[in-house]
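Structure assessment
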Amino acid sequence: MYSPELFFRRPEFIHSLQQVIEFLGTFAFAISGIRHAAAKKFDWFGGFVCGIAVAIGGGTIRDVMLGVTPFWMTSSIYMICTIFAQVFVIVFSKSLKRLDNTWFAFDTLGLALFTIAGMQKTLACGFPFWIAIIMGCMTGCAGGVIRDVLLNNIPVIFHKEIYALASIVGGVTYWVMYSLGIDVSVTVVTVFSVVCVIRYLAVRFHISLPQLPTEDE
């Protein structure tokens, strides 16, 4: 007899869900990187490099540490996603420019989606949850660090609003819901919402972690 609960737990469903999440995260992060490059007056090639660095940087580091082939080397769809993201930014640049929260929105979407994708892939490789939480955070945040280094900026996660912590809280939420036996689809939606809400509240109310004291203080 057909059971929706068993369907959502099937390996093929989880694999398909992971791929969809990675595609959406790639597109969202690529747009974020390309828009930051545009603000620095980069050309089309420079924009593509920044876009792809954000889109695949964190996932590449994750896969190397997990001992698997980097995800973008097994399918050209990730490069194609970045190309579409660049075309999207070029075509709709004037419209996007009028949206003050565009950068924040795409960056937050990418963070949430890649956090989930990183955790799911790590768990699928048989690693424990504490490793999955770290890899989820790395998948979501490392690309942004690479982007900021390329743009000669201080990485956002080191000095501004709560960013990496939102990913970690999302990872812990995933672990708790997984431990309780909650459906993967419900868990994914919840974790996505948790990461986005934390990022929104952090930016809206200027919440950040305390700065390290200097020697003069």
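Cut-offs applied
- Residues numbered from 1 in each chain as written.
- Predicted model: local features only at pLDDT ≥ 70, side-chain atom pairs only at ≥ 80, totals over all residues.
- Heavy atoms only, no water.
- Phe/Tyr/Trp six-rings, centres within 6.5 Å; stacked < 30°, edge-to-face > 60°.
- Helix = DSSP H or I, 4+ residues; strand = E, 2+ residues; numbered from the N terminus.
- Buried < 20%, exposed > 50% of the residue type's maximum accessible area, 1.4 Å probe, protein only.
- UniProt positions renumbered as here; feature names shortened; annotations may be inferred.
- Expected span 1.5 Å × (residues − 1).
- Salt bridge = Lys/Arg side-chain N within 4 Å of Asp/Glu carboxyl O.
- Patch = residues over 30% accessible without salt bridge, like charges linked within 9 Å, V, L, I, M, F, W, Y side chains within 5 Å.
- Areas by Shrake-Rupley, 256 points an atom, 1.4 Å probe, with all protein chains shown as cover.

Further remarks concern the packing of aromatic side chains. Here the structure, examined in full by the defined rule, presents seven aromatic pairs. Measuring from ring centre to ring centre gives 6.0 Å for F27 and F88, while their planes differ by 65°; the resulting arrangement is edge-to-face. Pair noted here: F27 is in helix α2 (residues 11-39) and F88 is in helix α4 (residues 77-91), with a separation of 61 residues, a long-range link. On the accessibility criterion, F27 (27% relative accessible area) is partly exposed. For F88, a relative accessible area of 27% gives the class partly exposed.

Our focus in this paragraph is the UniProt feature "transmembrane region" (unreviewed entry) in the chain. Under the local residue numbering, the UniProt record ascribes the feature "transmembrane region" (unreviewed entry) to residues 45-65, 71-92, 104-123, 129-150, 162-178 and 184-202. End C-alpha to end C-alpha, residues 71-92 measures 29 Å, and it is 68% helix and 0% strand. The distance separating the terminal C-alpha atoms of residues 162-178 is 25 Å; by composition the span is 88% helix and 0% strand.

Counted at 1.5 Å a residue, the expected span for helix α9 (residues 184-204) with its 21 residues is 30 Å, and the 30 Å between its end C-alpha atoms agrees. Buried within α9 are the following residues: V184, S185, T187, V188, V191, V195, C196, R199 and A202. Once α9 finishes, H206 follows within two positions and takes phi at roughly 55°, a positive value.

Within the structure shown, the criterion is met by three salt bridges. The salt bridge involving R62 is made with D63; its shortest N-O contact spans 2.8 Å. Across the pair R147 and D148 runs a salt bridge whose closest N-O atoms are separated by 3.1 Å. For the pair R147 and D148, one class covers both residues: buried. One salt-bridge network, in which partners are shared between bridges, spans R62, D63 and K121.

A contiguous nonpolar patch, built from L165, I168, V169, V172, W175, V176, L180 and L209 and spanning about 680 Å² of accessible area, is present on the exposed surface. Within the element layout of this structure, V172 appears in helix α8 (residues 164-179).

A separate point is unusual backbone geometry. Although it is not a glycine, K41 adopts a positive phi angle of roughly 65°. Following the sequence through the fold, K41 ends up in the loop between α2 and α3 (44-66). For K41, a relative accessible area of 76% translates into the label exposed. For N152, which is not glycine, the phi dihedral falls at a positive 60°. Among the structural elements, N152 can be located in the loop between α7 (129-150) and α8.

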